[in-house]
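Here is how the chains run, residue by residue.
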Amino acid sequence: QVQLVESGGGLVQAGGSLRLSCAASGSIFSPNVMGWYRQAPGKERELVATISSGGSTNYAYSVKGRFTISRDNTKNTVYMQMNSLKPEDTAVYYCKVDELRGLVRSYWGQGTQVTVSS
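Residues numbered from 1 in each chain as written. Predicted model: local features only at pLDDT ≥ 70, side-chain atom pairs only at ≥ 80, totals over all residues. Heavy atoms only, no water.

Engineer: Before we move on, could you go through the environment of Tyr 94 and cite the residues and values that matter?
Structural biologist: With respect to the secondary-structure elements, Tyr 94 resides in strand β9 (residues 91-99). Residue classification places Tyr 94 among the buried positions, given a relative accessible area of 15%. Linking Tyr 94 and Gln 39, residues 55 residues apart in sequence, is a C-alpha distance of 8.2 Å. Contacts of Tyr 94, omitting those with residues within four sequence positions, involve Glu 6, Gly 35, Trp 36, Tyr 37, Gln 39, Arg 45, Trp 108, Gly 109, Gln 110 and Gly 111. (Helix = DSSP H or I, 4+ residues; strand = E, 2+ residues; numbered from the N terminus. Buried < 20%, exposed > 50% of the residue type's maximum accessible area, 1.4 Å probe, protein only. Contact = heavy atoms within 4.5 Å.)

The structure is reproduced here in structure tokens:
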């Protein structure tokens, strides 16, 4: 059983920066994909960024050029550096891991709040 714990959220002004971290307990099956999702009040949860165990990345159009996802496999941790934050980035951010077995096994973190004021 894998557990994910997010940290690094908070309140910042528009144009500011935050760095989110997600630490996974135990070992994660490889290959796998780690990613960040977010959900604003009254809206559907949406994908923000992903990074595979091989290092390939994918970003939502709205954050490309501002956010950078990375991972440290020795620490079982995925990060997301968020720069030039906008009020529309305000949401609860969730970490997710997909283990790419024959049948995909997914794990979710509890979420961390990011609030960007104007």
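Engineer: Give me the lowdown on the state of the cysteines, citing residues and values where you can.
Structural biologist: In a disulfide, the sulfur atoms of two cysteines are covalently bonded to one another. Per the counting criterion, the structure on display carries one disulfide. For Cys 22, the disulfide goes to Cys 95, at an S-S distance of 2.2 Å. Classification of the bridge connecting Cys 22 and Cys 95 rests on its S-S torsion, roughly -85°, and on that basis the disulfide is left-handed. Residue Cys 22 is located in strand β3 (residues 18-24), and its partner Cys 95 is located in strand β9; the two are separated by 73 residues in the primary sequence. Of the two residues, Cys 22 and Cys 95, neither departs from the other in class, the shared state being buried. (Disulfide = S-S within 2.5 Å.)

Engineer: Please provide a residue-by-residue account of the pairing of strand β4 (residues 32-39), values included.
Structural biologist: Burial of β4 is extensive: six of the eight residues sit out of reach of the surface. Note: β4 against strand β5 (residues 46-52), six bridges, orientation antiparallel. From the neighbouring strand, Arg 38 faces β5, where its bridge partner is Glu 46. (Pairing = 2+ DSSP bridges.)

Engineer: Would you mind going over the pairing of β3 in detail, with residue names and values included?
Structural biologist: In terms of residue burial, β3 counts as a mostly covered element, since five of its seven residues are buried. Strand direction decides the pairing type here: strand β1 (residues 4-7) and β3, joined by four bridges, are antiparallel. Bridged to Leu 4 within β3 is Ala 24. Here β3 runs beside strand β8 (residues 77-82); their pairing, made up of six bridges, is antiparallel. Within the sheet, the bridge partner assigned to Cys 22 lies in β8 and is Val 78.

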